[in-house]
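# Topology and contacts: notes
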Amino acid sequence: VMKLNPQQAPLYGDSVITVQLTEEDKVEDDVVFYLVFTGSTVQHCTSTRKINPGSLETISPGHDCCETVKVALCASREGHPVLVVAEESFQFVQDEAYDAAQFLATCAGNQQALNFTRFLDRSRPPAADVDFLDEKVALAFRHLKLPAEWNVLGADQSLTENIPRETLMHFAVRLGLLRLTWFLLQQPGGRGALSIHNNEGATPVSLALERGYQKLHQLLTEEGAREPDSWSTLSHTVHAGDYSVKHHRGLDVYLLTAEA
């Protein structure tokens, strides 16, 4: 039996999984190991990298629903058939970051909810937590299947009437969430949100200045601003029909996902 650590991952994936091999699986160097995750409607195959003779490392795939899946450890050698050497179960769960992204996506135009996010801001989390929150919520937001008509400003984007209001962009900038801000900028209504004033007359751009968030201010105002470094910028995904292939440059691991 192999040991997976941890034995679960958030729905949006992108977390590191370590695989402990048993004595009899510690084999010659020319063996390549893969993990195959089999869910009810989707299957993933990930490559691994050897950390030492007894353990491998891979990246957890993003999954389509919360469930327990079967994971098979497969070994392949040139000129030999692929062998399943061990099986284990693994769980995909909805974590707080996923809940947060879902909440924010649903509340894009909801003033009460956005005012609640302002209340949160007054009990500011420490900087390390902000970075962690930013990374996770941005990853989760990318994984959400947002409806085609989704807009940063909510469903009722009566942009022409310049009503002062709070927006998701104000929220992301106020907390200094660089990666979430970048993600929102790429969405419909993202650029439009930059010039919207809230009840105090602040725009997301003026908030970034006022709070001394230089990097964030550049992100909002510079033409060629680049995506901020993050775990997700380390991966590159290509979609083709029912398949997608993702390369995680940090660990040099590949993930193939196919609809079963």
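Residues numbered from 1 in each chain as written. Predicted model: local features only at pLDDT ≥ 70, side-chain atom pairs only at ≥ 80, totals over all residues. Heavy atoms only, no water.

### Notes on the overall build of the protein chain
What counts here: The secondary structure listing takes helices from DSSP runs of H or I that are at least 4 residues long and strands from runs of E that are at least 2 residues long, numbered from the N terminus. Here the term buried applies to any residue with accessible area under 20% of the maximum for its type, exposed to any over 50%, and partly exposed to those in between, with areas from a 1.4 Å probe on protein chains only. Only heavy atoms enter the contact rule, under which two residues are in contact if any of them lie within 4.5 Å. Note on areas: these come from Shrake-Rupley sampling with a 1.4 Å probe, and a residue is covered only by the protein chains present in the view. When charges are counted, Lys and Arg are positive and Asp and Glu negative, with His and the chain ends excluded. By convention, the charge on Lys lies at NZ, on Arg at CZ, on Asp at CG and on Glu at CD.
Along the backbone of the protein chain there are seven helices and 12 strands. On the principal axes, the C-alpha backbone points of the protein chain span a range of 70 × 35 × 35 Å. Counting only residues that meet the buried cut, the protein chain has 47% of its 260 residues in that class. When contacts within the protein chain are restricted to residue pairs at least 6 apart in sequence, long-range pairs at least 24 apart make up 63% of them. Entry remark: accessible area of the protein chain is about 13,800 Å², with carbon and sulfur atoms responsible for 52%. Averaged over its 21 positive side-chain charges, the protein chain has a centre that lies 5 Å from the centre of its 34 negative ones.

### Details of the side chain of Ser60
Position of Ser60 relative to the elements: it lies in the loop between strand S7 (55–59) and strand S8 (67–76). A relative accessible area of 1% means that Ser60 is categorised as buried. With residues near it in sequence (within four places) discarded, Ser60 still touches Ala9, Gly13, Asp14, Ser15, Ile17, Phe92 and Leu255.

### Comments concerning the sheet that holds strand S12 (residues 253–259)
Here is the rule: Strands pair, by our definition, only if DSSP identifies at least two bridges between them. Between the N-to-C directions of two axes lies an angle of 0 to 180 degrees, each axis being a line fitted to C-alpha atoms and, for a helix, fitted only over the stretch in contact.
The sheet built from eight strands is open, its strands ordered S2-S9-S8-S4-S5-S12-S11-S10 with mixed pairing. Taken across any chain shown, the strands that pair with only one partner, and hence form the sheet edges, are strand S2 (8–10) and strand S10 (235–240). In this sheet, adjacent strand axes meet at a mean angle of 25° when their direction is disregarded.

### So, the pattern of salt bridges
Quick reminder of the rule: The working definition used for a salt bridge is a side-chain nitrogen of Lys or Arg within 4 Å of a carboxyl oxygen of Asp or Glu.
All chains considered together, the criterion is met by eight salt bridges. Residue Lys246 is joined to Asp14 by a salt bridge in which the shortest nitrogen-to-oxygen separation is 3.2 Å. Taken together, the positions of Lys246 in strand S11 (residues 243–248) and Asp14 in the loop between S2 and strand S3 (16–20) put the pair 232 residues apart, joining distant regions of the chain. Grouping residues by exposure puts Lys246 and Asp14 together as buried. It is possible to trace a salt-bridge network through shared partners that takes in Asp131, Asp134, Glu135 and Arg179.

### Re the packing of aromatic side chains
Basically, it comes down to this: When the centres of two rings from Phe, Tyr and Trp lie within 6.5 Å, Trp using its six-membered ring, the rings pair. Their planes under 30 degrees apart give stacked, over 60 give edge-to-face, and anything left gives tilted.
In this structure the tally under the stated criterion is five aromatic pairs. Geometrically, the ring pair formed by Phe90 and Phe92 is edge-to-face, given 5.4 Å between the ring centres and 75° between the ring planes. When sorted by exposure, Phe90 lands in the same class as Phe92, which is buried. In textbook terms, an aromatic cluster arises when at least three aromatic residues are bridged by ring pairs, as seen for Phe37, Phe90 and Phe92.

### Describing the domain arrangement of the protein chain
Spelled out, the test is: All domain edges in this entry derive from an automatic or database-based domain assignment. Summed over both partners, buried area is the accessible surface (1.4 Å probe) that two parts give up on being assembled. Think of a polar contact as two N or O atoms within 3.5 Å of one another; within protein, one of them needs to be a possible hydrogen donor and the other a possible acceptor, and neighboring residues in sequence only count if both atoms come from side chains. Throughout this entry, Asp, Glu, Lys and Arg are counted as charged residues, while Ala, Val, Leu, Ile, Met, Phe, Trp, Tyr, Cys and Pro are counted as nonpolar. The remaining residues, Gly among them, count as polar.
When cut into domains, the protein chain gives domain 1 (3–94 + 234–259) and domain 2 (96–227). Distance from the C-alpha centre of domain 1 to the C-alpha centre of domain 2: 34 Å. Of the residues lining the interface, six residues belong to domain 1; the matching set on domain 2 comes to eight residues. Interface of domain 1 and domain 2: buried area, both sides summed, is about 720 Å²; carbon and sulfur atoms make up 61% of it. Summed over the three residues of domain 1 that lose the most area to domain 2, namely Tyr12, Asp14 and Gln94, the buried surface amounts to 77% of that side. Connecting domain 1 to domain 2 are zero salt bridges. Viewed at the interface, domain 2 and domain 1 are joined by four residue pairs in polar contact (both at pLDDT 80 or more). Considering only residue class, the side of domain 1 that touches domain 2 consists of two nonpolar, three polar and one charged.

### Let's talk about the environment of His80
You can see His80 is positioned in the loop between S8 and strand S9 (83–93). Residue classification places His80 among the partly exposed residues on the basis of a relative accessible area of 48%. In this structure the C-alpha to C-alpha distance between His80 and Thr237, which are 157 residues apart in sequence, comes to 30 Å.

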